[in-house]
Amino acid sequence: MIKRLLLVLLVSSALASAQSTAIGKKATANATKPTEVAANAPAAKSAVKATEEEVDNSVVITPFRSLTPPEAKTSRTFQLSKVNKLGFTETSKELQRLYSAFATQRIIDGSPTGSSKATGYLATVNYSLVQDLGDNRFLAKAAWPATGPNEVLAAGTDTMAVLLLNKPATVGETGKITGMHVGTVALLFTASYAPLTGKRFTLRREAFVECATLEDSPSGLQKFIEAVNTGAEMSATTNEQIPCKKCGGVGFTREAQKGQLLDKRVPCADCVSSGKIMISVETKFVP
Ligand SMILES: [Zn+2]
């Protein structure tokens, strides 16, 4: 499903260009603009332009930099049959916390389990549509928070991004989506917004695909438990605080001093003296 979405985002550009040249007001509307530019150019140049007047308004989107997939530093298992049993660390509260994380890392699709693991970071993206690129793809002014371990995907504020929405929309519209970051794409297009109207160029921008995540509800949790119990492979990645290994969780290391009874305490750089470090942990669920 995800692959299909990506294909739609990347490959359908060819289709869109075919459509926009064959039909559609858009192609004609856009086609007048480069002519205006040409009119301002010296006569000789515009003559050349006139012969090349087959104005290319196609939209080409190609992957530029692939996304950095979420990667866990360590993994552990969570055994459902041990929940709330004496002597085990598995609790229903912990299960709920992990399920909430799980729910936000899955995207709903047509797969047998009803959802698949998101292949990119999911972020709430606020947008204002700047240009329609065809096939529900848009160039947008967008904002999203930094996401992923160590903020792998930097936050966007008033940043141009490429969005693939679920439904058609109109330029100027604002909204909010759950977007899955699918990496950086190179967008070759003819701008239709000021001050670049009519200019054909390539932009490299972060791309997001609109998606829906699992519902974090008791019934969702119940379905999840049933799926794990019938053998589905499920895991959630969370940031967890663990005691710092270097200093043993005390925030400093000791250094023996010649002729002195007391050791020198050296602040631990690994954990900035806090005694704790954050790492991303993949929890695999087992029956
Ligand atoms: Zn430390």
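For the structure, check the block above.
A.B. asks: Report on the coordination of the zinc ion, specifying residues and quantitative values.
C.D. replies: Around the zinc ion, the protein contributes the donor atoms Cys244 (SG), Cys247 (SG), Cys268 (SG) and Cys271 (SG), which lie 2.2 to 2.4 Å from the metal centre. Note that the zinc ion binds four donor atoms; their angles at the metal cover 103 to 116°, and the shape is tetrahedral. Every donor residue of the zinc ion comes from the same chain, spaced as C-x2-C-x20-C-x2-C. Pair noted here: Cys247 is in the loop between β10 (234-243) and β11 (252-255) and Cys268 is in the loop between β12 (264-267) and β13 (276-286), with a separation of 21 residues, a long-range link. Using a relative accessible area of 9% as the deciding quantity, one classes Cys247 as buried.

A.B. asks: Tell me what's going on with the pattern of salt bridges, and back it up with residues and numbers.
C.D. replies: Following the criterion strictly, the structure yields six salt bridges and no others. A salt bridge links Arg97 to Glu94, with the nearest nitrogen and oxygen atoms 3.0 Å apart. With Arg97 and Glu94 both in helix α4 (residues 92-104), this residue pair falls three residues apart, about one helical turn. Look at Arg97 and you get partly exposed, because its relative accessible area is 36%. Where Glu240 meets Arg97, a salt bridge forms, and the shortest distance between an N and an O atom there is 2.7 Å.

A.B. asks: I'd love a proper account of α4, names of residues and values included.
C.D. replies: For α4, which comprises 13 residues, the first-to-last C-alpha distance of 19 Å matches the rise-based estimate of 18 Å (1.5 Å per residue) to within 8%. Along α4, the residues classified as buried are Leu95, Leu98, Tyr99, Ala101, Phe102 and Ala103. Those residues of α4 that are buried are in contact with β2 (74-79), β3 (106-108), α5 (218-229), β10 and β13.

A.B. asks: Break down the side chain of Glu282 for me, citing the residues and quoting the values.
C.D. replies: As for its position among the elements, Glu282 is in strand β13. We classify Glu282 as buried; its relative accessible area is 16%. There is a polar contact of 3.2 Å between the side chain of Glu282 and the side chain of Lys117. Polar side-chain contacts of Glu282 include one of 2.8 Å to the side chain of Ser235. In contact with Glu282, other than residues within four places in its own chain, are Ala72, Thr74, Ser75, Arg76, Lys117, Ser235, Ala236 and Thr237.

A.B. asks: Quick rundown of α5? Include the residues and the values.
C.D. replies: Taking 1.5 Å per residue as the helical rise, α5 with its twelve residues ought to reach 16 Å, and the 16 Å between its terminal C-alpha atoms agrees with that figure. Within α5, the full set of buried residues consists of Gly220, Leu221, Phe224, Ile225, Ala227 and Val228. The arc that holds every buried residue of α5, seen down its axis, measures 160°, which confines them to one face. Within α5, the exposed residues directed more than 90 degrees away from the buried face are Pro218, Ser219 and Lys223. Summarising the contacts, the buried residues of α5 are in contact with α4, β10 and β13. Residue Gly231 follows α5 closely and has a positive phi angle near 100°.

A.B. asks: Go over the packing of aromatic side chains, please, and point to the residues and values.
C.D. replies: Summed over the entire model, instances satisfying the criterion amount to eight aromatic pairs. Measuring from ring centre to ring centre gives 4.6 Å for Phe102 and Phe224, while their planes differ by 50°; the resulting arrangement is tilted. Taken as a pair, Phe102 in helix α4 and Phe224 in helix α5 lie far apart in primary sequence, 122 residues in all. Like Phe102, the residue Phe224 is buried in the burial classification. With 4.9 Å between their ring centres and 90° between their planes, Phe224 and Phe285 make a pair best called edge-to-face. Placement of Phe224 in helix α5 and of Phe285 in strand β13 is noted, with a sequence separation of 61 residues between them. An identical accessibility class is assigned to Phe224 and Phe285; each is buried. It is Lys199 that lies over the ring of Phe201; its NZ or CZ is 4.9 Å from the centre. Taking NZ or CZ as reference, Arg204 lies 4.9 Å from the ring centre of Phe64, over its face.

So, how was this worked out
- Residues numbered from 1 in each chain as written.
- Predicted model: local features only at pLDDT ≥ 70, side-chain atom pairs only at ≥ 80, totals over all residues.
- Heavy atoms only, no water.
- Donors = N, O, S within 2.8 Å, 3.2 Å for Na, K, Ca; no water.
- Tetrahedral: all angles 85-135°; square planar, octahedral: opposite > 155°, others 65-115°.
- Helix = DSSP H or I, 4+ residues; strand = E, 2+ residues; numbered from the N terminus.
- Buried < 20%, exposed > 50% of the residue type's maximum accessible area, 1.4 Å probe, protein only.
- Salt bridge = Lys/Arg side-chain N within 4 Å of Asp/Glu carboxyl O.
- Expected span 1.5 Å × (residues − 1).
- Contact = heavy atoms within 4.5 Å.
- Polar contact = N/O pair within 3.5 Å; in protein donor to acceptor, adjacent residues only side chain to side chain.
- Arc of directions from axis to C-beta.
- Phe/Tyr/Trp six-rings, centres within 6.5 Å; stacked < 30°, edge-to-face > 60°.
- Lys NZ or Arg CZ within 6 Å of the ring centre and 35° of its normal.

Purely spatial values, then, with no claim about function.
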